[in-house]
Amino acid sequence: MRQINKYETQVYTGCALKDLSEKLQATLTFRKIEAEHSELLDTLIKETVESNYDSYSSPPGLTHIDKFYKQVSMSHILLQKLCIYSEEISFTNRSAVDICLILCNVNRILVKVLGAVLDYRRQNVEFFPIDKQKQSKISWILCEKNEGICSELTKQINISLEFAKKANITKELHLEISDQVAFLVDALLSSSIDVFSEIGSNYTQLRYKLLKKLMDYKEYHKVIELAEKYADHRVIVEVCFETNNIDLLYSFMDKLFEQNFRQTVFSWYLEQGKIVEMLRNFCRKPKYEHDIALALEAYPNYGWIAGSLSENINLTCESLKHCWSKEETNVIRKQYQLNLYKMAVLAKNGPLTENPELDQIDRNLEIIEHQINIPECILELLSDVQQPTKHTQH
C-alpha cells in the first residue's frame, strides 16, 4: 500500500481514504440533523466556510450551506467550531444552568455525528486494516490544530464536566451530560486504540488523562466501564480504593484472573505505600496468598511477610535481617525488627541448636536496650554539646 503526505507525516493511502470516508459520514449526518439544530448549525457552517474560503472552490451563486455540503472533507472544521462555541459560551455571564443547557445541546450534535462515524468504522473494518492504521499512527479525530479535533473534544469534555458539577441542574440533565461526556471519551479512546500500540506511551497516557478527568469529577461508574473496556486495570484499582468498594475489587480479581489482574492490584497497593490496607483486605483470604507473596518479593522491607505467607523461612530471615540492619532512624522499630528476626532464626534452626547468629542478635538487642534506657538528662546534655559544634562548622 502506497503512502502519501498528510497530517505533516506519511500515511498509507488506505488510511487517508478511510479518514475521508469518515468525514463524508460526518457531513451526511450534519445534513440529516441540520433542520433539528438549524439556528446553531447555520451560523457555524457560515463561519466554517468563511474562515476556510480557499478550501471551497465552488461556482458563483452557491450559498454557504451549498458550499459546505459540496466540500465534504471539511466536516472536522465544523466539529471544531462547535467545541469552540462551547468554550466561548462558558466565558460569558450566562448562568451556569443556561450554559449547561447549551453545552448539552452541542454535545447532542457531537454524539450524533461521531456516533455515525464510529458505526461506519465498525461496519467497514475489513476495508481499512487495523495493522495499516497502526503503522500510520494517526487519524483525523486524533490530530491537533487544523487537521483534527482531539484538543477540541478534550476541552469539550472538561467544560461539560465543570459546569455539570457547579450548576444546580436536574438529575436528568446531569445524567445526560454524563452519558455524553463518557461517549466523547469513548470516541477518543476508540480512535486511539486503532492507531496506537495498546502498550505504547501515546495511548496509555491519553487513556489515563481522560479517565482521570472523569475520576476527578466523581464519574466513577463511567470510569469503571471505560477502564474495563480499554483494559486500564490500574484505574479500576484506583477507583475501587477511592470509593472504598472492596467488593467490586474482589469481583474484578476473579473476573480478570486470566489477565493477571491480581498482581496489578497488589503492585498498586505496594507502590502507593498502602501495605496495611493491602494486608487488611487480602491477607486472610487463602486464594490471594501466592500472588501477595510474589508481589512482596520485589519489596525487601516487606519480604518477610511474603516469606510467612509462602512458608519460605529463608526469605523471611533474609528480609528481616535486611530490615533491621538498614533501620537508622527509629530505635524502637529496630528493636521490633530484631526481635522478629530472632524468632525467625529460632524457627529456622530450632531453639536447641548452637547458632552464633543468635549470640550476635542478643548482643545487638542489649545495645538497643541501653540506647532506649539512656536518661533524658544525658540526651539533653548531648544535644547541648552538639549545638555549638554545628555553629562552629558553619
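Residues numbered from 1 in each chain as written. Predicted model: local features only at pLDDT ≥ 70, side-chain atom pairs only at ≥ 80, totals over all residues. Heavy atoms only, no water.

Trainee: Please explain the packing of helix 5 (residues 96-123) against helix 7 (residues 150-166) as it appears in this structure.
Mentor: A pair of packed helices can be characterised by two numbers: the angle between their axes and the separation between those axes. It is at 10 Å that the axes of helix 5 and helix 7 come closest, and there the two elements cross at 140 degrees. In this structure, helix 5 crosses over helix 7, and the sense of that crossing is left-handed. Residues Ala96, Ile99, Cys100, Leu103, Val106, Asn107, Leu110 and Leu114 of helix 5 pack against Leu153, Gln156, Ile159, Ser160, Phe163, Ala164 and Lys166 of helix 7. Residue composition of the contact of helix 5 with helix 7, by class: 11 nonpolar, three polar and one charged. (Axes fitted to C-alpha atoms, helices over the stretch in contact; angles between N-to-C directions. Helix = DSSP H or I, 4+ residues; strand = E, 2+ residues; numbered from the N terminus. Left-handed = near helix turned anticlockwise from the far one by under 90°. Contact = heavy atoms within 4.5 Å. Nonpolar A, V, L, I, M, F, W, Y, C, P; charged D, E, K, R; others polar.)

Trainee: Is there a simple way to explain the nonpolar core in this structure?
Mentor: Within soluble globular proteins, side chains that are nonpolar tend to cluster in buried spots. Counting residues in hydrophobic clusters, the biggest one holds 86 residues, and the most contacted among them are Phe30, Leu82 and Phe282. Top contributing element to this core by residue count: helix 5, with 11 residues. Apart from residues no more than four positions distant in its own chain, Phe30 is found in contact with Leu41, Phe68, Tyr69, Ser75, Leu78, Leu79, Leu82, Ile109 and Val113. The next biggest cluster of nonpolar side chains, apart from the first, holds 12 residues, and it includes Leu340, Ala344, Leu365 and Ile368. (Core = buried A, V, L, I, M, F, W, Y, C linked by side-chain atoms within 4.5 Å. Buried < 20%, exposed > 50% of the residue type's maximum accessible area, 1.4 Å probe, protein only.)

Trainee: Please explain the packing of helix 8 (residues 171-195) against helix 9 (residues 201-216) as it appears in this structure.
Mentor: Following both chains from N to C, one finds helix 8 and helix 9 inclined at 175 degrees, their axes separated by 10 Å at the closest point. Our classification of the angle between helix 8 and helix 9 gives roughly antiparallel. Seen from helix 8, the contacting residues are Val181, Val185, Leu188, Leu189, Ser192 and Ile193; seen from helix 9, they are Tyr203, Leu206, Arg207, Leu210 and Leu214. Across the contact of helix 8 with helix 9, the residue classes break down as nine nonpolar, one polar and one charged. (Parallel < 35°, antiparallel > 145°, perpendicular 65-115°, else oblique.)

Trainee: Just to check I follow, could you spell out helix 7 for this structure?
Mentor: Think of an α-helix as turning once every 3.6 residues; residues three or four places apart then point the same way. When the terminal C-alpha atoms of helix 7 are compared, their 25 Å separation across 17 residues agrees well with the 24 Å that a helix rising 1.5 Å per residue should span. Looking at the buried positions of helix 7, the neighbouring elements they touch are helix 4 (75-90), helix 5, helix 8 and helix 9. (Expected span 1.5 Å × (residues − 1).)

Trainee: Can you help me understand the packing of aromatic side chains in this one?
Mentor: Note on aromatic pairs: each is described by the distance of the centres and the angle between the planes. If you walk through the whole model with that rule in mind, you get 12 aromatic pairs. Where Phe266 meets Tyr288, the ring centres are 6.3 Å apart and the plane angle is 70 degrees; that geometry is what we call edge-to-face. Remark: Tyr288 occurs in the loop between helix 14 (275-282) and helix 15 (289-296) and Phe266 occurs in helix 13 (residues 261-271); sequence separation between them is 22 residues. Given the relative accessible area of 1%, Tyr288 is considered buried. Following the ring pairs from residue to residue traces out a cluster consisting of Phe241, Tyr250, Phe266, Trp268, Tyr269, Phe282 and Tyr288. (Phe/Tyr/Trp six-rings, centres within 6.5 Å; stacked < 30°, edge-to-face > 60°.)

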